[in-house]
Amino acid sequence: MKITILGCGNMGLTYARAFLQYHKTTFDDLTLIAKDEKHATELNSMKLGKVITGITPDAMQCDVLILAVKPQDFIGVAGSLKGKIPPETLLISILAGVKLDTLQEKLGHKYIVRAMPNMPAQFGMGITVYIPSSDANVHHLSTVENLLNTTGRTFMIENENLMDGVTALSGSGPAYFYYIVKIMTDTAKKMGFDESLANLLVMHTMHGAFHVMNNSDTGLDELIRKVASKGGTTEAALKTMKDNKFDEIFATALLNAEKRSKELSELNGK
Ligand SMILES: NC(=O)C1=CN([C@@H]2O[C@H](COP(=O)(O)OP(=O)(O)OC[C@H]3O[C@@H](n4cnc5c(N)ncnc54)[C@H](O)[C@@H]3O)[C@@H](O)[C@H]2O)C=CC1
Ligand SMILES: O=C(O)[C@@H]1CCC=N1
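Residues numbered from 1 in each chain as written. Chains lettered and ligands numbered in written order. Predicted model: local features only at pLDDT ≥ 70, side-chain atom pairs only at ≥ 80, totals over all residues. Heavy atoms only, no water.

This part takes up the overall build of the chain. When helices and strands are tallied, the chain shows twelve helices and eight strands. Counting all 270 residues of the chain, 40% fall into the buried class. Within the structure as shown, the chain displays about 15600 Å² of accessible surface, and the carbon and sulfur contribution to it stands at 59%. Where the 28 positive side-chain charges of the chain centre and where its 29 negative ones centre are 3 Å apart. (Helix = DSSP H or I, 4+ residues; strand = E, 2+ residues; numbered from the N terminus. Buried < 20%, exposed > 50% of the residue type's maximum accessible area, 1.4 Å probe, protein only. Areas by Shrake-Rupley, 256 points an atom, 1.4 Å probe, with all protein chains shown as cover. Lys, Arg positive; Asp, Glu negative; His and termini not counted. Charge placed at Lys NZ, Arg CZ, Asp CG, Glu CD.)

Right, dumping it as structure tokens:
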């Protein structure tokens, strides 16, 4: 399959590696569009596919075009792309907050899938939620599944309004997890643990706790109760969180991520 990736940063390169690893394409059929010559040199050294700078007619002759630039770069990139994508090409956009109708209008293209992956895609452990444009057909859906399944699980939704929530939950979610792990390891160091033991304790605890949650029928409240003995240490920690409105702060953080996704939609929809 001829695939072109426009936006070869964290996520674009994750796709390049996954598509090659699972033989969805080959070095010769994979085109990476670099932003400038310096970027082209970096991409060339990775030896993933043909590297070009700028949007050439050759690069556009592809079955699938992956769009993975930052949302703030969309309008500029769309201006350069409009009228150059062959009508039969399937475009997959992973840009946060850029809606299907905006993509269709600004790119002048019909066959589009809007997808929201997340960073564990790097290790085949991602979750991608996607929604196709109404013009997309069953062939496009099977192409998307076939490609995105190389990075983890995929799930199609029909209500595009949910994409802002998806972005806030699973798209941004890995960062919240690392944030909490960081608080725990930093605090462990203050307690006198060296870095390596701090990391081991915290990471193994999170890993183990996930397995318990994933392998038992017990609800989250009950799991919390099982750890928190009456008058014990966990209870003291949880009380501090409740008293300081941690739940509210965290919920507001998620809602603000969702709100930011909507703002990006407005910004790019104009
Ligand atoms: N990082 C993440 O965990 C996730 C990111 N996303 C979405 O993926 C997109 C990309 O995010 P990242 O990979 O993290 O960003 P990034 O900054 O690592 O990659 C973006 C790339 O686009 C390139 N670029 C910008 N303008 C260009 C142009 N005109 N021509 C060619 N290349 C150009 C940049 O040089 C950069 O390499 C964003 O829209 C983001 O919303 C979605 C889900 C998760
Ligand atoms: O932070 C962002 O805007 C992107 C979307 C989800 C993860 N990274």
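Of note, the phi angle at H23 is positive, near 55°, even though the residue is not glycine. Secondary-structure assignment places H23 in the loop between α1 (10-21) and β2 (30-34). In this model, K245 sits at a positive phi of 60°, which is unusual for a non-glycine residue. A relative accessible area of 48% means that K245 is categorised as partly exposed.

We now examine the packing of aromatic side chains. For the structure shown, the criterion picks out four aromatic pairs. Here F177 and Y178 contribute two aromatic rings whose centre-to-centre distance is 6.0 Å and whose plane-to-plane angle is 70°, an arrangement assigned as edge-to-face. A residue is classified by how much of its surface remains accessible, and F177, at 41% relative accessible area, is partly exposed. Taking 5.8 Å as the distance between ring centres and 10° as the angle between the ring planes, the aromatic pair formed by F246 and F250 counts as stacked. (Phe/Tyr/Trp six-rings, centres within 6.5 Å; stacked < 30°, edge-to-face > 60°.)

A word on the domain arrangement of the chain. For the chain, the assigned domains are domain 1 (3-163) and domain 2 (173-262). Centre-to-centre, using C-alpha coordinates, domain 1 lies 34 Å away from domain 2. Counting residues at the interface gives five residues for domain 1 and four residues for domain 2. Both sides of the domain 1 and domain 2 interface together cover about 350 Å² of buried area, and 50% of this is carbon and sulfur. (Domains from an automatic or database assignment. Contact = heavy atoms within 4.5 Å. Buried area = accessible area lost by both parts, 1.4 Å probe.)

Moving on, we get to the site of ligand 1. Of all residues adjacent to ligand 1, which total 22 residues, the nearest are N10, M11, A68, V69 and A96. Between ligand 1 and N10, the relevant distance is 3.0 Å, taken from an oxygen atom to a main-chain nitrogen or oxygen of the residue. Relative to its unbound accessible area of 820 Å², ligand 1 is 78% covered by the protein chains. With respect to the pocket detection grid, ligand 1 is positioned in the second largest pocket. Only α1 and β2 provide two or more residues apiece to the shell around ligand 1. Tallied by class, residues from the shell around ligand 1 come to 15 nonpolar, four polar and three charged. (Near = heavy atom within 4 Å. Polar contact = N/O pair within 3.5 Å; in protein donor to acceptor, adjacent residues only side chain to side chain. 1 Å grid on protein atoms, 1.4 Å probe; cavity = no way out; pocket = protein on both sides within 12 Å on 5 of 7 lines; lining within 4 Å. Sits in = over half its atoms within 2 Å of the grid points. Nonpolar A, V, L, I, M, F, W, Y, C, P; charged D, E, K, R; others polar.)

This paragraph deals with the UniProt feature "domain: Pyrroline-5-carboxylate reductase catalytic N-terminal" (unreviewed entry) in the chain. Here the UniProt-annotated "domain: Pyrroline-5-carboxylate reductase catalytic N-terminal" (unreviewed entry) positions come out as residues 2-97. The annotated region residues 2-97 carries 35% helix and 22% strand content, and the separation between its end C-alpha atoms amounts to 27 Å. (UniProt positions renumbered as here; feature names shortened; annotations may be inferred.)

Contact pair helix α7 (residues 162-171) / helix α8 (residues 173-190): the axes reach a minimum separation of 5 Å and the direction vectors enclose 35°. Here A168, L169, S170 and G171 of α7 come into contact with α8, specifically with G173, P174 and Y176. Taken together, the residues of the contact of α7 with α8 break down into four nonpolar, three polar and no charged. (Axes fitted to C-alpha atoms, helices over the stretch in contact; angles between N-to-C directions.)

Taken together, the side chains of M191, F193, L197, L200 and L201 define a hydrophobic patch exposed on the protein surface, amounting to about 480 Å² of accessible area. Its place among the elements puts M191 in the loop between α8 and α9 (195-215). (Patch = residues over 30% accessible without salt bridge, like charges linked within 9 Å, V, L, I, M, F, W, Y side chains within 5 Å. Salt bridge = Lys/Arg side-chain N within 4 Å of Asp/Glu carboxyl O.)

Around ligand 2 sit A96, T167, G171 and S172, and those are all the residues in its vicinity. Relative to its free-state accessible area of 240 Å², ligand 2 is covered by the protein chains to the extent of 48%. Comparing atom positions with the cavity grids shows ligand 2 to sit within the second largest pocket. The residue inventory of the shell around ligand 2, partitioned by class, reads one nonpolar, three polar and no charged.

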